[in-house]
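# Inside the fold
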Amino acid sequence: MTTYSLLRESAEYDRLRAQARVWETATARLLDRIALPVGARCLDVGCGPGETVRLLAHRVGPSGHVTGLDSDAALVGVVSQQMPGNCDILVGDVTRDPIEGTYDLVFARLLLFHLPERVEVVRRLWDAVAPDGHLVIQDYDLTSACCVPAAPGVEDVARLVIESFTAAGCDVRAGLKLPTFLKEAGVGTADGTDVSGLLLPLSQGAQMLGHVLRSLLPSAIANGVTTGDKAEAALTRLNDDAAGDPDRPMLWPLMAGIWKTRP
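Attention in this report is confined to the structure presented alongside it.

Basis of the calculations
Residues numbered from 1 in each chain as written. Predicted model: local features only at pLDDT ≥ 70, side-chain atom pairs only at ≥ 80, totals over all residues. Heavy atoms only, no water. Helix = DSSP H or I, 4+ residues; strand = E, 2+ residues; numbered from the N terminus. Rg over C-alpha atoms; globule rule 2.2 N^0.38 Å. Buried < 20%, exposed > 50% of the residue type's maximum accessible area, 1.4 Å probe, protein only. Contact = heavy atoms within 4.5 Å. Pairing = 2+ DSSP bridges. Disulfide = S-S within 2.5 Å. Phe/Tyr/Trp six-rings, centres within 6.5 Å; stacked < 30°, edge-to-face > 60°. Lys NZ or Arg CZ within 6 Å of the ring centre and 35° of its normal. Expected span 1.5 Å × (residues − 1). Bend = angle between axes of the 7 residues up to and from the residue. Core = buried A, V, L, I, M, F, W, Y, C linked by side-chain atoms within 4.5 Å. 1 Å grid on protein atoms, 1.4 Å probe; cavity = no way out; pocket = protein on both sides within 12 Å on 5 of 7 lines; lining within 4 Å. Points joined across faces, edges and corners; volume = space filled by probe spheres on them. Axes fitted to C-alpha atoms, helices over the stretch in contact; angles between N-to-C directions.

## With respect to the overall build of the chain
If you tally the helices and strands in the chain, you get nine helices and ten strands. Rg of the C-alpha trace for the chain: 18 Å, near the compact-globule value of 18 Å for 263 residues, within the 12% margin. Out of the 263 residues in the chain, the part that is buried amounts to 54%. In the chain, 80% of the contacts between residues at least 6 apart in sequence involve partners at least 24 apart.

## Here we look at the pairing of strand β7 (residues 192-196)
Only one face of β7 is buried, namely the one carrying Gly192, Asp194 and Ser196, since none of Thr193 and Val195 on the opposite face is buried. The sheet contact formed by β7 and strand β10 (residues 254-261) spans five bridges and is antiparallel. Of the residues in β10, the one forming a bridge with Ser196 is Met255.

## Some points on the state of the cysteines
Going through the model one piece at a time under the given rule, you end up with zero disulfides. With no disulfide of its own, Cys42 lies closest to Cys87 among cysteine sulfurs, the gap being 9.2 Å.

## Digging into unusual backbone geometry
Going from Val148 to Pro149, the amide bond is cis rather than trans, its omega being -5°. Mapped onto the elements of the fold, Pro149 is located in the loop between β6 (146-147) and α6 (152-167). Of note in the backbone geometry, Leu110 takes a positive phi value of approximately 55° without being a glycine. Positionally, Leu110 belongs in the loop between β4 (103-109) and α5 (118-127). A relative accessible area of 16% means that Leu110 is categorised as buried. Phi at Asp132 takes a positive value of approximately 70°, unusual for a residue other than glycine. Topologically, Asp132 is positioned in strand β5 (residues 129-141). A residue is classified by how much of its surface remains accessible, and Asp132, at 61% relative accessible area, is exposed.

## Brief notes about the packing of aromatic side chains
In total, this model carries two aromatic pairs according to the counting rule given. Relative to Tyr140, the ring of Trp23 has its centre 6.0 Å away and its plane inclined at 70°; by these criteria the two rings are edge-to-face. You can see Trp23 sitting in the loop between α1 (10-22) and α2 (24-34) and its partner Tyr140 sitting in strand β5, a full 117 residues away along the chain. Sitting over the ring of Tyr103, Arg41 keeps its end group 4.7 Å from the ring centre.

## Some thoughts on helix α8 (residues 202-222)
Since the α-helix packs 3.6 residues into each turn, any two residues three or four apart lie on the same face. Here α8 spans 29 Å end to end across 21 residues, near enough to the 30 Å set by a 1.5 Å rise per residue. At Leu216, α8 shows its maximal bend, which comes to roughly 50°, and the proline Pro218 appears one to four places after that position. Phi turns positive, to about 75°, at Gly224, one or two residues after α8.

## Remarks on the nonpolar core
Val106, Leu125, Ile137, Val161, Phe165 and Leu209 are the most contacted members of the largest nonpolar core, which has 59 residues in total. Once residues within four sequence positions are removed from consideration, Leu209 is found in contact with Val154, Val157, Ala158, Val161, Leu238, Met250 and Trp252. Of all hydrophobic cores here, the second largest spans 25 residues; its members include Leu16, Cys42, Val53 and Val136.

## Notes on empty space enclosed by the protein
Scanning the model with the defined rule gives one cavity of 30 Å³ or more in all. Size it by volume and the largest cavity reaches roughly 750 Å³. Looking at the largest cavity, it is lined by 45 residues, and the ones nearest its centre are Tyr4, Leu16, Arg109, Leu110 and His114. When residues of the lining of the largest cavity are traced back to their parent elements, those giving at least two are α1, β1 (41-45), α3 (51-60), β2 (65-70), β4, α6 and α8.

## Quick notes on the sheet that holds strand β9 (residues 249-251)
Read from one edge of the open sheet, three strands run β6-β9-β8, paired in antiparallel fashion. Among the strands making up the open sheet, the edge pair consists of β6 and β8 (199-201). Where β8 and β9 come together, three bridges link them in antiparallel fashion. Its bridge partner lying in β9, Leu199 is registered against Leu251. Packing of α8 onto the sheet brings it into contact with β6, β8 and β9, and relative to β8 it is tilted by some 100°.

This is how it looks when you write it as structure tokens:
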């Protein structure tokens, strides 16, 4: 796996938890579409702080089991102590380590975005799906983030976020490309697709956008995308926009989803 572009620290983990809760309804809708049953065995690849592991554990009940997989060993050590009894959280890098066993559901959200080996990873995820099981993937299209009317600070910070992720090898339009990834991996055409959006007042959206840039900043500076002073100036403009018109509607990046059932 290439170097992860976001910080690995408690403030970033808190941001990831908040982000997961924002998208919980969108993920639950996909689980409804595949009719995930009680007693199912699930794998969440790139589980992060484990919010979706909790959601899956509630869905499958005590007779089911959820395994979370993440490459951040320190985070896994913390999260594994906080999970329900029908869950295991393991250290693993899906770009390098084989997935052992098969599952009724293999799930990944905001995973492919970060990985250059996207098609190979989709192939590995599909190989871990049991007969009659499901592959569900969700990912961002970052380019959709905007305000109406436009806000210069939002545009500046959003541009820096996109350029920073891109410089780190991420695909900022991974969500839009999910059907293509499936076909290139030999999985075939998705059984269904879903796109979710979120409108926030600028006061909330600017806060989340600013946290993302701050977490990206060491990577952005190392890759020559910006300097600390330029980033701080952009963040100041973002905060000024939010203070001047806190209720202005802001569209967060769209979350695209696909699912495929293995015969």
